[in-house]
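Chain by chain, the residues run as shown.
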Amino acid sequence: CILVFFLDALPRYFPSTETSKMSDGAVVVKTRKFKRNPLLARRQMIVDVIHPGRATVPKEELAEVVSGMYKADAKLTVLFGFRTKFGGGKSTGFCVIYDSEESMIKFEPKHRMVRKGLTEKVERSRKAIKEGKNKGKKIRGTGASIAKHKAKRAAQQE
């Protein structure tokens, strides 16, 4: 009974906390260490999710909740690095909310863009990866940047 009251009263006492009813049950989402990053055109924070008696909450559901808390678009919200505490019931991860889709495409790493479904993964054979790596080892100094530029051009032409 006390726990239920506390969960209901939580958003009043902690503005960066939201209790939401998801598909399996109630979870509490708290954010901390909020930082506005104007150079990367984003807001970033640590997200704590309390989910007692439930498996880890899917990132799509968390993106909707966090974007609702900060009045942002769920498409521009990226969650990553979640770790569940020993014994379960609490997970902690990192959240980034971009100001625009252009800044997201510009600054977000490729693997997270693939995960989000914004870009396609470029399939390369193991042999091609190793050949490119070994070719890069032979070139040193200012020639390395020129070689990278030529390799990028060759990859685009294929």
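None of these values were measured; they are calculated from a predicted model.

Enquirer: Sorry if this is basic, but what is going on with the overall build of the chain here?
Expert: Along the backbone of the chain there are 6 helices and 5 strands. For the chain, the N- to C-terminal ordering of α and β elements is α-β-β-β-α-β-β-α-α-α-α. For the chain, with 158 residues in total, the buried portion stands at 31%. Excluding contacts between residues fewer than 6 apart, the proportion of contacts in the chain whose partners are at least 24 apart in sequence is 47%. Entry remark: accessible area of the chain is about 11400 Å², with carbon and sulfur atoms responsible for 57%.

Enquirer: Explanation requested: the packing of aromatic side chains in the structure shown.
Expert: The geometry of an aromatic ring pair comes down to the distance between the two centres and the angle between the two planes. Enumeration over the complete set of coordinates arrives at 2 aromatic pairs. Between Phe34 and Tyr70 the ring centres are 5.3 Å apart and the planes differ by 5 degrees, which places this aromatic pair in the stacked class. Of the two residues, Phe34 sits in strand 2 (residues 26-37) while Tyr70 sits in the loop between helix 2 (59-69) and strand 4 (77-84), which places them 36 residues apart along the sequence. Accessibility expressed as a relative area gives 40% for Phe34, which makes it partly exposed. Note that Arg112 overlies the ring of Phe80, its terminal NZ or CZ placed 3.6 Å from the centroid.

Enquirer: Explain the environment of Lys106 to me, please; I cannot follow it from the model alone.
Expert: Here Lys106 lies in helix 3 (residues 101-107). With relative accessibility at 63%, the residue Lys106 sits in the exposed group.

Enquirer: Teacher, can you tell me more about the nonpolar core here?
Expert: General note: in soluble globular proteins, nonpolar side chains tend to be found buried as a group. Core analysis: the biggest nonpolar cluster contains 16 residues, and Val29, Met45, Val47, Leu62, Val66, Leu79 and Cys95 have the highest contact counts within it. In terms of residues, this core owes the most to one element, helix 2, which gives 5 residues. Counting residues in hydrophobic clusters, the runner-up holds 7 residues, among them Leu76, Val96, Tyr98 and Met104.

Enquirer: Where do I start with the pairing of strand 3 (residues 42-50) in this structure?
Expert: Burial analysis of strand 3 places 8 of its 9 residues in the buried class, the great majority of the element. Summarising the sheet, strand 2 and strand 3 pair through 8 bridges and their orientation is antiparallel. Along strand 3, the bridge assignment pairs Thr31 with Val47. Between strand 2 and strand 3, which pair antiparallel one after the other, the connecting turn spans 4 residues, and Ala41 there sits at a positive phi close to 55 degrees. As defined by bridge partners, strand 3 adjoins strand 5 (residues 90-98) across 9 bridges and the pair is classed as antiparallel. Across the sheet, residue Ile46 finds its bridge partner in strand 5, namely Phe94.

Enquirer: Before we go on, may I ask you to explain the layout of surface pockets in this structure?
Expert: Empty space among the atoms becomes apparent when a probe as large as a water molecule is rolled across them. Each pocket or cavity is described by its volume, and for the largest pocket that value is around 660 Å³. In this structure, the largest pocket is lined by 17 residues; those nearest its centre are Arg124, Gly132, Ala151, Lys152 and Ala155. It is helix 6 (residues 143-157) that provides the largest number of residues to the lining of the largest pocket, a total of 7 residues. Within the lining of the largest pocket, the residues separate by chemical class into 8 nonpolar, 2 polar and 7 charged.

Cut-off values and rules
Residues numbered from 1 in each chain as written. Predicted model: local features only at pLDDT ≥ 70, side-chain atom pairs only at ≥ 80, totals over all residues. Heavy atoms only, no water. Helix = DSSP H or I, 4+ residues; strand = E, 2+ residues; numbered from the N terminus. Buried < 20%, exposed > 50% of the residue type's maximum accessible area, 1.4 Å probe, protein only. Contact = heavy atoms within 4.5 Å. Areas by Shrake-Rupley, 256 points an atom, 1.4 Å probe, with all protein chains shown as cover. Phe/Tyr/Trp six-rings, centres within 6.5 Å; stacked < 30°, edge-to-face > 60°. Lys NZ or Arg CZ within 6 Å of the ring centre and 35° of its normal. Core = buried A, V, L, I, M, F, W, Y, C linked by side-chain atoms within 4.5 Å. Pairing = 2+ DSSP bridges. 1 Å grid on protein atoms, 1.4 Å probe; cavity = no way out; pocket = protein on both sides within 12 Å on 5 of 7 lines; lining within 4 Å. Points joined across faces, edges and corners; volume = space filled by probe spheres on them. Nonpolar A, V, L, I, M, F, W, Y, C, P; charged D, E, K, R; others polar.

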